[in-house]
Amino acid sequence: MIELRDVAVSVAGRRLLSGINAGVATGEFVALLGPNGAGKTTLLRAIAGLHGLDSGEIALDGVPAAGLDPRERARRVAFVTGDEITFDALSIADVVAIGRFPYHRWWEWQTRDSDASAVATALAAVKLEGLGDRLLSTLSAGERQRVWIALGLAQQTPILLVDEPTSHLDVRIAHEILILLQRQARAGKSVLCALHDVNEAAAYADRIALLSGGKLCALEPPQSLLSGSLLERVYDIPMERIALPDGGLRVLAYDAAVRVERPAPPERRSQAPNA
Amino acid sequence: MKTLRGLALLLAVPAAGAASMLVGGTPLSIGQILGQLAHPHQAAILNTIVWQLRLPRVCIAATVGASLALSGAMLQGMLRNPLADPYLTGVSAAAAAAIAVAVLAGVAVSALPVIGFVAGLGAALLVAAFARRGSGLDANRLILAGVSLSTLFAAIVTLAVVRAQSGDYASTIVAWLAGSMAGRGWHDLAIVAPYAIFGGLLALASFSALNALRIGDVRARAIGLDVDRAQWLILGGSSLLAASSVVLAGLVGFIGLIVPHLARRIVGSDARVLLPACVAIGAAPCMLADAICRAVVAPAELPIGVLLAFIGVPTFLYLYLHPVASRASPG
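Every value quoted in this text rests on a predicted model; they were computed, and no experiment measured them. (Residues numbered from 1 in each chain as written. Chains lettered and ligands numbered in written order. Predicted model: local features only at pLDDT ≥ 70, side-chain atom pairs only at ≥ 80, totals over all residues. Heavy atoms only, no water.)

Taken as a whole and judged by the stated rule, the model has one aromatic pair over all chains. Where B:Phe117 meets B:Tyr195, the ring centres are 4.5 Å apart and the plane angle is 50°; that geometry is what we call tilted. With a gap of 78 residues between them, B:Phe117 in helix H5 (residues 112-131) and B:Tyr195 in helix H8 (residues 186-205) connect regions that are remote in the sequence. You can call B:Phe117 buried: its relative accessible area is 10%. Directly above the aromatic system of A:Tyr103 lies the positively charged group of A:Arg100, at a separation of 4.2 Å from the ring centroid. (Phe/Tyr/Trp six-rings, centres within 6.5 Å; stacked < 30°, edge-to-face > 60°. Helix = DSSP H or I, 4+ residues; strand = E, 2+ residues; numbered from the N terminus. Buried < 20%, exposed > 50% of the residue type's maximum accessible area, 1.4 Å probe, protein only. Lys NZ or Arg CZ within 6 Å of the ring centre and 35° of its normal.)

Another aspect to go through is the interface of chain B and chain A. On the side of chain A, 32 residues touch chain B, which itself brings 25 residues to the contact. Roughly 2600 Å² of surface becomes buried between chain B and chain A when both sides are summed, with 63% attributable to carbon and sulfur atoms. Linking chain B with chain A are two residue pairs in polar contact (both at pLDDT 80 or more), by the criterion used here. Elements with a minimum of two residues in the side of chain B that touches chain A: helix H9 (207-213) and helix H10 (217-222) of chain B. Broken down by element, the side of chain B that touches chain A gets its largest block of residues, five residues, from H10(B). In terms of residue class, the side of chain B that touches chain A is made up of 10 nonpolar, seven polar and eight charged. (Contact = heavy atoms within 4.5 Å. Buried area = accessible area lost by both parts, 1.4 Å probe. Polar contact = N/O pair within 3.5 Å; in protein donor to acceptor, adjacent residues only side chain to side chain. Nonpolar A, V, L, I, M, F, W, Y, C, P; charged D, E, K, R; others polar.)

Within the fold, B:Leu302 resides in the loop between helix H13 (271-296) and helix H14 (304-321). The spacing of B:Leu302 and B:Ala102 is 200 residues in sequence and 24 Å in space, taken between C-alpha atoms.

Per the stated rule, a full pass over the model turns up 19 salt bridges over all chains. Across the pair A:Arg241 and A:Glu232 runs a salt bridge, and its minimum N-O distance is 3.2 Å. The closest approach of N and O atoms between A:Arg259 and A:Glu261, which form a salt bridge, is 3.5 Å. Per residue, the accessibility class of A:Arg259 equals that of A:Glu261, and both read exposed. One salt-bridge network, held together by shared partners, links B:Arg57, B:Asp290, B:Arg294 and B:Glu301. (Salt bridge = Lys/Arg side-chain N within 4 Å of Asp/Glu carboxyl O.)

Residue and element names in this part refer to chain A. Strand order in the open sheet formed by six strands is E6-E7-E8-E3-E9-E10, with mixed pairing between adjacent strands. The two strands at the open ends of the sheet, each matched to only one other strand, are strand E6 (77-81) and strand E10 (215-220). Pairwise comparison of adjacent strand axes, ignoring direction, gives a mean angle of 15° for this sheet. Sheet topology places strand E9 (residues 207-212) next to E10; five bridges connect them, and they run antiparallel. Note that in E10 the partner of Ala209 across the bridge is Leu219. (Pairing = 2+ DSSP bridges. Axes fitted to C-alpha atoms, helices over the stretch in contact; angles between N-to-C directions.)

Okay, the pairing of strand E4 (residues 55-60) of chain A next. All names here are of chain A. Pairing analysis gives five bridges linking strand E1 (residues 2-11) to E4, with the strands arranged antiparallel. For Arg5, the partnering residue across the bridge sits in E4 and is Glu57. Direction of pairing for E4 relative to strand E5 (residues 63-64): antiparallel, over a ladder of two bridges. Its bridge partner being in E5, Ala59 is matched across the sheet by Pro64. Here E4 hands over to E5 after two residues, with Asp61 in that stretch at a positive phi of 50°.

Let us now look at the pairing of strand E7 (residues 159-163) of chain A. Residues and elements named next belong to chain A. Counting buried positions over the five residues of E7 gives five, a clear majority of the element. Of the two faces of E7, the one holding Ile159, Leu161 and Asp163 and the one holding Leu160 and Val162 are both buried throughout. Bridge count between E6 and E7: five bridges; the pairing is parallel. When the sheet's bridge partners are listed, Thr81 is paired in E7 with Asp163. Here E7 runs beside strand E8 (residues 190-194); their pairing, made up of five bridges, is parallel. Counterpart to Asp163 in the pairing with E8 is Ala194. Since E7 and E8 lie parallel, the crossover through helix H6 (residues 171-186) that links them has a hand, and here it is right-handed. (Right-handed = clockwise from strand over helix to strand, strands pointing away.)

Residues and elements named next belong to chain A. One open sheet holds the four strands; their spatial order is E2-E1-E4-E5, and the pairing between them is antiparallel. With partners counted over all chains shown, the strands left at the sheet margins are strand E2 (14-24) and E5, one partner each. The sheet strands contacting helix H1 (residues 40-48) are E1, E2 and E4, and the helix crosses E1 at an angle near 115°.

Further remarks concern the nonpolar core. With 155 residues, the main nonpolar core has A:Val96, A:Leu181, B:Val64, B:Leu225 and B:Val252 as its most contacted residues. Per-element accounting of this core gives the leading share, 18 residues, to helix H3 (residues 44-79) of chain B. Residues contacting B:Val252, with those up to four places away along its chain left out, are B:Val64, B:Leu68, B:Tyr87, B:Gly179, B:Ile304, B:Gly305 and B:Leu308. Ranked by size, the runner-up nonpolar core spans 30 residues in total, among them A:Leu32, A:Ala46, A:Leu192 and A:Ala194. (Core = buried A, V, L, I, M, F, W, Y, C linked by side-chain atoms within 4.5 Å.)

Moving on, we come to the confidence of the model for chain B. A low pLDDT score tells you not to read the predicted coordinates there in detail. All names here are of chain B. Averaged over all residues, the pLDDT of chain B is 86; the fraction at 70 or higher stands at 95%. Contacts for the low-pLDDT stretch residues 326-331, under 50 throughout, to residues beyond four places or in other chains number 22 contacts. Among the scores for the predicted complex, ipTM is 0.88 and pTM is 0.87. (pLDDT = per-residue confidence, 0-100.)

Once that is clear, we can look at H5(B). All names here are of chain B. For H5, built from 20 residues, the straight-helix expectation of 28 Å at 1.5 Å per residue is met to within 8% by its first-to-last C-alpha distance of 28 Å. Among the residues making up H5, those that are buried are Leu112, Pro113, Gly116, Phe117, Gly120, Ala123, Ala124, Val127, Ala128 and Ala131. Around the axis of H5, the buried residues are gathered within 140° of arc, so they sit on the same side. Turned more than 90 degrees away from the buried face of H5 sit Val118, Leu125 and Ala129, all of them exposed. Contacts made by the buried residues of H5 are with helix H4 (91-104), strand E1 (132-133), strand E2 (136-137), helix H6 (139-164), H8 and helix H11 (227-249). (Expected span 1.5 Å × (residues − 1). Arc of directions from axis to C-beta.)

Next up on the list: helix H7 (residues 169-178) of chain B. Residues and elements named next belong to chain B. Within the sequence span of H7, burial applies to Ala170, Ile173, Trp176 and Ala178. Contact partners of the buried residues in H7: H4, H6, H11 and H14. A positive backbone phi angle near 85° is found at Gly179, which sits one or two residues after H7.

Okay, here's the thing in structure tokens:
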């Protein structure tokens with residue numbers, strides 16, 4: 001369970017989040033939406049302890065996060081991000097095993113049985129079992145995203161934060177990743193996942209948190225958010241509603257008033273008849 | 001396979017040490033050397049050759065190789081930059097500049113190692129101060145500050161060499177710059193040992209941090225690593241090791257750059273096995289190279305820095321241009 005009370009965050013002297021009050025329940029999948037620069041990643045990083053708070057409080061499973069040391073915090077919350085490149089020839093198993101870091105003191109160098117089983121469980125959850133020896137550099141974008149999620153799962157935390165896991169992925173792989181996250185929520189984790197695609201959020205999340213300009217504008221079920229006009233105001237673009245046979249809603253962002261016409265093809269000159 | 005690799009690395013160090021002990025102006029058999037090592041007071045001349053000339057050289061070469069390789073592996077791991085070497089933080093350039101100026105000023109040769117050591121560590125601190133961001137270090141700033149200050153110190157060395165051309169000073173400076181262990185003995189090793197050992201202990205303390213940093217600073221923080229503290233630990237350890245090596249042998253290039261690459265190919269990037277492997281792979285070739293330097297133009301000596309550059313450049317290019325095809329499993 002994540003609880004945010006009046007959270008404000010500044011980065012490099014610039015206030016990026018203010019007055020955030022929200023909660024993610026145990027077993028709930030909340031999608032974090034908002035335009036670029038709205039503060040989605042900043043919020044996830046603040047919960048993960050990568051940014052300090054200007055004010056407010058974050059509680060992780062009822063315990064104030066401010067009082068936790070980094071390893072203790074990492075045993076409660078896992079942060080999955082897809083950026084950054086490593087130069088080492090790391091295998092999938094190498095990467096996922098690093099997720100066991102919070103369970104070791106700095107002088108403990110031996111792998112325990114519990115580490116091996118956590119890594120195996122994480123790899124099975126992302127359907128990469130048996131591929132542990134493959135190098136990270138040989139994987140596709142979708143497979144790499146699974147590895148980063150497995151790294152977070154190996155931490156065995158009750159809270160999972162995921163930053164834009166479907167960017168650059170095709171629809172099939174994106175669907176698999178989101179189902180995987182949904183399954184984690186159903187297994188009892190609190191999942192907070194930043195997404196760019198409104199329809200992905202509507203299809204997989206229990207609730208959607210909408211950020212704009214560093215403030216939380218809404219935290220409600222997809223159906224109610226998509227049926228109102230708030231999304232259009234926040235993204236500043238008209239949206240068509242599409243009703244699904246099961247009663248669900250999806251949106252299509254499309255501004256018919258703004259259209260760049262193709263230039264007319266140059267007129268062909270008729271050939272002058274030979275004299 | 002893992003055990004075989006470990007055994008081979010473990011045996012490489014004593015084998016290279018033994019080979020190095022055999023090389024010198026006076027031909028000695030293995031039996032004579034072993035006898036002298038077991039019973040140090042058998043014969044005065046043999047005792048001097050084994051205990052005062054060859055053994056300290058072998059130990060110094062091993063210390064230099066191991067220190068540079070460890071230092072390079074730590075910096076490459078921290079910066080996640082395969083081109084980082086122990087001299088990146090300006091340790092060697094500052095030591096060179098300080099020694100060049102000291103030689104010009106007529107400072108006694110015996111005082112030069114200490115001056116180089118202090119200047120080298122001072123430069124590392126200066127670079128760290130420039131690279132400081134918040135309570136941690138910025139990798140890009142560290143590289144920029146290190147390269148910039150190294151260029152400045154190199155200019156000071158050049159100026160000193162130009163000024164020194166009229167006297168015998170130039171050859172002293174150049175000999176030191178080329179990297180050499182000629183004339184070094186137990187006394188030099190005793191001065192450096194506490195710092196090298198402390199640097200080694202810092203390396204030992206940083207293995208879990210180095211492992212975590214393989215997935216990037218952001219993720220390392222997210223899994224509970226205090227990245228800022230780890231950076232200071234790694235930088236401190238690698239600077240102490242690099243400065244120790246500079247004091248013992250001057251500028252010995254490429255060991256700190258190539259050995260970590262080579263070690264990663266053999267044992268993988270897990271710091272628990274990478275760091276010990278670097279010690280073995282760094283020490284053994286350095287001992288052999290020192291032996292070759294003593295043998296090829298005897299009774300004179302070839303600078304070890306020059307020999308290692310001749311071997312190191314093609315090796316580095318080969319390693320860098322031929323990436324790992326398959327995973328080397330750790331251990």
